[in-house]
Number of protein chains: 2
Amino acid sequence: MLEYIDKKYKPGKDELVAEYHAEPAYNVSMEQACEQIAGESSIGTWTDICTMNEKIAKELKPHVFSIDGNEIKIAYPAELFEAGNMPQIYSAIAGNIFGMGILKNLRLQDISFPKSIVKSFDGPAFGIDGVRRILKIKKRPLVGTIVKPKVGLNPKQHAAVCYEAWFGGLDIVKDDENLTSMVFNKFEDRITETLKMKEKVEIETGQKKAYMPNVTAETNEMLRRAQYVKKIGGTYAMVDILTVGWSGLQTLRKANLGLVIHAHRAMHAALTANPNHGISMLALAKTARLIGVDQLHIGAIVGKMKGAVAEVKNIGEDIEHKMIKGSKKQHVLEQDWNGIKPVFPVCSGGLHPGKVAAVIEAIGSNVIIQAGGGVHGHPDGTRYGAKAMMQAVDAAVHGIELKKYAERFIELNKALKKWPG
Amino acid sequence: MLEYIDKKYKPGKDELVAEYHAEPAYNVSMEQACEQIAGESSIGTWTDICTMNEKIAKELKPHVFSIDGNEIKIAYPAELFEAGNMPQIYSAIAGNIFGMGILKNLRLQDISFPKSIVKSFDGPAFGIDGVRRILKIKKRPLVGTIVKPKVGLNPKQHAAVCYEAWFGGLDIVKDDENLTSMVFNKFEDRITETLKMKEKVEIETGQKKAYMPNVTAETNEMLRRAQYVKKIGGTYAMVDILTVGWSGLQTLRKANLGLVIHAHRAMHAALTANPNHGISMLALAKTARLIGVDQLHIGAIVGKMKGAVAEVKNIGEDIEHKMIKGSKKQHVLEQDWNGIKPVFPVCSGGLHPGKVAAVIEAIGSNVIIQAGGGVHGHPDGTRYGAKAMMQAVDAAVHGIELKKYAERFIELNKALKKWPG
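Since the model is a prediction, treat every value here as computed from it, not as a measurement. (Residues numbered from 1 in each chain as written. Chains lettered and ligands numbered in written order. Predicted model: local features only at pLDDT ≥ 70, side-chain atom pairs only at ≥ 80, totals over all residues. Heavy atoms only, no water.)

Asks: How do you make sense of the overall build of chain A when you look at a structure like this?
Replies: Counting its secondary structure elements, chain A contains 18 helices and 15 strands. Along the first, second and third principal axes, the C-alpha atoms of chain A reach 75 × 45 × 35 Å. Sorting the 421 residues of chain A into buried and exposed places 65% on the buried side. For chain A, restricting intrachain contacts to residue pairs at least 6 apart in sequence, the fraction spanning at least 24 positions comes to 75%. Surface exposure of chain A reaches about 14800 Å², of which carbon and sulfur atoms provide 50%. Positive and negative charge centroids in chain A, built from 55 and 46 side chains respectively, lie 7 Å apart. (Helix = DSSP H or I, 4+ residues; strand = E, 2+ residues; numbered from the N terminus. Buried < 20%, exposed > 50% of the residue type's maximum accessible area, 1.4 Å probe, protein only. Contact = heavy atoms within 4.5 Å. Areas by Shrake-Rupley, 256 points an atom, 1.4 Å probe, with all protein chains shown as cover. Lys, Arg positive; Asp, Glu negative; His and termini not counted. Charge placed at Lys NZ, Arg CZ, Asp CG, Glu CD.)

Right, here's the structure in full:
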């Protein structure tokens with residue numbers, strides 16, 4: 001057997017480091033588990049084989065250099081990976097190992113990508129600065145909504161809801177994750193109608209607005225839809241990155257259509273929700289940044305979805321900053337992003353005006369705050385729900401207590417009465 | 001609030017039925033949980049909204065028609081889905097719902113696709129019969145190996161290992177899941193060298209052989225690689241379906257290159273391993289059949305990976321048969337495959353000659369048995385490991401006790417001595 005554990009080993013500059021939480025099955029030692037994880041994710045198998053040779057064993061062998069309770073770190077030589085091929089990287093470090101019989105649970109906590117791999121991906125085309133330039137908003141959080149109901153409206157109804165939201169003051173309106181091209185709402189019709197309304201409202205308000213149409217589909221169909229958006233003057237493509245998958249996402253990014261890519265993370269929690277198994281949202285978020293999405297859902301902190309404050313903050317920092325120091329306690333690895341642009345974090349899911357301040361406090365002003373039900377559920381409808389959201393953001397940005405601010409604004413006042421929580 | 005629970009409801013013929021295992025969070029009732037799951041996966045959100053209308057509520061509303069302890073069944077009108085768009089279907093029924101704060105755990109157990117959705121996908125181009133025709137093997141299990149070490153060999157070394165395995169009698173040799181185009185083993189070079197060896201060994205043995213090159217990559221690069229395989233006379237494309245993702249997999253199938261698609265499932269266990277959360281392998285396997293892979297890894301039953309016998313058998317049946325009756329106890333739903341071809345189940349992971357009989361007993365003869373370490377780990381090397389595997393399959397097919405058979409064959413004898421278990 002090759003021996004992969006070497007606690008004195010120091011990872012080289014061109015190694016990929018993965019941190020795992022590993023729980024061995026009954027009667028399996030942590031050391032045995034580490035050996036199997038390192039082997040199965042690289043060059044090993046369950047038995048000695050005649051086809052191994054010294055050169056491979058020496059040059060491609062990974063090293064388990066840290067075992068701290070159930071938390072382990074493995075350094076993998078970059079040659080184990082195909083540069084620019086994210087599915088291959090996942091097939092190695094997030095592949096078979098999750099299903100090994102010798103493990104009760106395994107979670108990929110974080111991935112630190114070496115420079116050679118970072119440089120083989122595109123990263124965001126726009127990033128935070130690029131998005132702010134398009135919308136001409138320098139410092140404050142961007143504010144958006146999701147058209148509701150999630151599916152069911154026809155293109156004209158959909159565009160009308162967008163108009164109301166924009167007119168009420170919101171910057172962004174997006175499709176929901178399960179709305180693509182439906183029998184009652186064809187993609188091209190919806191985009192055409194909605195972009196017409198965007199043009200109208202931009203003239204009426206003098207503000208730049210964004211519409212994020214969901215192009216999620218088989219790869220070529222997805223590209224055709226994104227190209228259609230570009231052709232008729234849209235600025236965004238929204239995509240469900242996990243149900244589409246890494247290959248399709250890379251293809252969308254590489255098509256370089258000049259559209260901001262907004263990444264929705266539907267299905268992530270099938271992987272991320274169990275703290276002892278699967279893949280962390282942090283690892284998925286870093287992967288999405290590397291491939292090159294411009295905006296990414298990271299959780300709402302105070303909304304309807306799971307996601308602890310510390311975890312969401314860590315994700316926010318890792319996709320926004322140039323250099324990540326790493327934190328042993330938080331299971332965050334060092335990462336030099338080597339010039340890859342920062343991603344705009346999106347907080348969404350069960351938000352309403354009463355929750356805006358908490359989001360900004362946790363994430364800062366470089367955030368896109370989205371409320372769906374929290375806008376369209378306003379007692380006076382979408383337009384006034386939009387106003388209430390903008391008022392709540394104003395209050396938070398200027399450090400004014402929300403209830404006090406609501407004394408001056410009827411829309412905010414009504415929203416807080418409906419959703420006091 | 002819309003009310004989705006209706007235990008008297010009978011799903012219509014054109015509805016998609018999903019079965020979930022749902023565990024509500026503390027202080028949440030099962031009924032509340034069901035309402036939220038049904039809403040979030042279709043047309044609802046967390047609060048009442050002004051944009052809902054009667055037509056949508058009536059025509060697109062899903063029904064929770066069965067609640068049995070923690071197991072629930074929901075019928076969704078087909079109009080909630082875009083036909084032929086698997087990412088969209090997953091974004092709905094396997095999307096946000098996994099992360100809702102009102103749930104402790106949620107697992108998608110099975111999906112029953114209605115005819116309109118089944119007909120919108122391609123299914124396998126070859127299926128079991130097509131693969132058997134190519135290899136000219138009528139009834140017995142197909143037997144294969146994975147080149148080991150997983151990565152590290154150069155193209156000539158790789159091709160030499162394949163030659164040994166084929167010459168020893170195996171039908172199939174495949175790349176490993178993390179071997180794509182490496183600095184030390186470029187895709188084109190490997191495929192060229194290996195297909196040369198395939199031609200040579202086919203002439204020498206008079207048998208048809210298969211090589212399954214791993215084309216896993218960004219979509220366009222994946223297509224280029226598959227086209228290269230086709231161009232120089234290959235018959236297969238192997239792909240890591242989960243790290244590539246549904247969009248890329250659909251694109252590969254739709255390219256219709258005339259190559260058998262072999263589906264490796266690396267990363268599945270991040271989703272499937274926890275019996276209370278995530279997505280079942282059964283659901284993933286049915287999805288892969290619908291999209292159109294010809295061969296699919298379903299577990300080894302007796303190998304190094306997790307996967308209970310009953311579960312693997314259910315998966316095997318669901319991807320092989322024309323009509324699935326459904327079993328409440330096994331959480332298997334009815335499925336009329338409406339002419340979609342059957343998929344060849346692949347058992348792999350920690351197998352060796354001593355475990356062959358158990359696999360055939362569980363799955364039947366329509367199975368591809370693969371052993372990596374169980375071939376190359378043979379004391380006399382790959383060629384003799386291949387012989388031992390074929391001998392073990394012969395014994396099982398003819399109902400001869402393995403130890404007795406091993407008295408006549410030195411290769412099998414030596415294998416059983418190394419791996420008595």
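Read on, since the account is not over.
Asks: Explain the packing of helix α16 (residues 382–397) of chain B against helix α18 (residues 410–418) of chain B here, please?
Replies: Geometry of a packed helix pair, given as the angle between the helix axes and the separation of the axes. Residue and element names in this part refer to chain B. Interaxial distance between α16 and α18 falls to 8 Å at its minimum, and their mutual angle equals 95 degrees. If you check the angle between α16 and α18, you find them roughly perpendicular. On α18, the residues touching Tyr384, Lys387, Ala388, Gln391 and Ala392 of α16 are Glu411, Leu412 and Ala415. (Axes fitted to C-alpha atoms, helices over the stretch in contact; angles between N-to-C directions. Parallel < 35°, antiparallel > 145°, perpendicular 65-115°, else oblique.)

Asks: Is there a simple way to think about the packing of aromatic side chains in this case?
Replies: Two numbers describe a pair of aromatic rings. These are the distance of the centres and the angle of the planes. Residues and elements named next belong to chain B. Taken as a whole, this structure holds 12 aromatic pairs over all chains when the rule is applied. Measuring from ring centre to ring centre gives 4.9 Å for Tyr405 and Phe409, while their planes differ by 45 degrees; the resulting arrangement is tilted. For Tyr405, a relative accessible area of 8% corresponds to the buried category. What makes Phe409 partly exposed here is its relative accessible area of 23%. (Phe/Tyr/Trp six-rings, centres within 6.5 Å; stacked < 30°, edge-to-face > 60°.)

Asks: Hey, could you run me through the relation of the copies chain A and chain B in this one?
Replies: The two chain copies are related to each other by a rotation about an axis together with a translation along it. Placing chain A over chain B gives an RMSD of 0.0 Å and needs a rotation angle of 180 degrees, together with 0.0 Å of translation along the axis. Taken together, the rotation and translation relating the two chain copies correspond to the operation of a two-fold axis. Closest approach to the rotation axis among the C-alpha atoms of chain A is made by A:Gly245, whose C-alpha sits 1.8 Å away. A share of 100% of interface residues in chain A that are also interface residues in chain B marks the association as one of identical surfaces. (Least-squares fit on C-alpha atoms with pLDDT ≥ 70 in both.)

Asks: I tried to follow the domain arrangement of chain A on my own but got confused; where do I start?
Replies: A common measure of how large an interface is: the accessible area buried when the components associate. Residues and elements named next belong to chain A. Looking at the assigned domains, one finds that chain A contains domain 1 (15–118) and domain 2 (127–418). Here domain 1 and domain 2 have C-alpha centroids that lie 34 Å from each other. The interface of domain 1 with domain 2 comprises 26 residues on the first partner and 32 residues on the second. Summed over both sides, the interface of domain 1 with domain 2 buries roughly 2400 Å², with 53% coming from carbon and sulfur. If you sort the residues of domain 1 by the area they bury against domain 2, Arg107, Asp110 and Val118 come out on top, with a joint share of 28%. Run the count over domain 1 and domain 2 and you get 2 salt bridges. Note that Lys328 and Asp68 form a salt bridge whose closest N and O atoms lie 3.3 Å from each other. Connecting domain 1 to domain 2 are 19 residue pairs in polar contact (both at pLDDT 80 or more). Of all the elements in the fold, those that place two or more residues in the side of domain 1 that touches domain 2 are β1 (15–24), β3 (71–77), α3 (86–93), β4 (103–112) and α4 (115–118). The leading source of residues in the side of domain 1 that touches domain 2 is β4, at 8 residues. In terms of residue class, the side of domain 1 that touches domain 2 is built from 12 nonpolar, 6 polar and 8 charged. (Domains from an automatic or database assignment. Buried area = accessible area lost by both parts, 1.4 Å probe. Salt bridge = Lys/Arg side-chain N within 4 Å of Asp/Glu carboxyl O. Polar contact = N/O pair within 3.5 Å; in protein donor to acceptor, adjacent residues only side chain to side chain. Nonpolar A, V, L, I, M, F, W, Y, C, P; charged D, E, K, R; others polar.)

Asks: Sorry, what's going on with unusual backbone geometry here?
Replies: Most peptide bonds take the trans form, and the phi angle of most residues other than glycine is negative. Going from A:Lys148 to A:Pro149, the amide bond is cis rather than trans, its omega being -5 degrees. Looking at where A:Pro149 falls in the secondary structure, it is placed in the loop between β5 (142–146) and α6 (155–167). A positive phi angle, close to 45 degrees, is found at A:Asn338, a residue other than glycine. Structurally, A:Asn338 is set in the loop between β13 (335–336) and β14 (344–348). Even without a glycine there, the phi angle at B:Asn256 is positive, about 50 degrees. Relative to the elements of secondary structure, B:Asn256 occurs in the loop between α10 (246–254) and β9 (260–264). Residue class for B:Asn256 comes out exposed when judged on its relative accessible area of 54%.

Asks: Sorry if this is basic, but what is going on with the confidence of the model for chain A here?
Replies: Detailed reading of the predicted model is not advised wherever pLDDT is low. The share of residues in chain A with pLDDT of 70 or more is 100%, and the mean pLDDT across the chain is 96. Taken over the whole predicted complex, pTM reads 0.98, whereas the ipTM for its chain interfaces reads 0.97. (pLDDT = per-residue confidence, 0-100.)

Asks: Got a minute to help me understand the pattern of salt bridges in this structure?
Replies: Counted by the stated rule, this structure contains 40 salt bridges over all chains. With a closest N to O distance of 3.0 Å, B:Glu164 and B:Arg383 form a salt bridge. Remark: B:Arg383 occurs in helix α16 and B:Glu164 occurs in helix α6 (residues 155–167); sequence separation between them is 219 residues. Each of A:Glu40, B:Lys148, B:Lys150, B:Asp176 and B:Glu177 takes part in salt bridges that share partners, so that together they form one network.

Asks: Whenever I open this one, the packing of α3(A) against helix α10 (residues 246–254) of chain A confuses me. Can you help?
Replies: All names here are of chain A. Interhelical geometry of α3 versus α10 gives an angle of 150 degrees and a closest axis separation of 8 Å. Overall, the two elements α3 and α10 adopt an arrangement that is roughly antiparallel. Contacts from Met86, Pro87 and Tyr90 in α3 reach Trp246, Ser247 and Gln250 in α10. Grouping the constituent residues of the contact of α3 with α10 by class yields 4 nonpolar, 2 polar and no charged.

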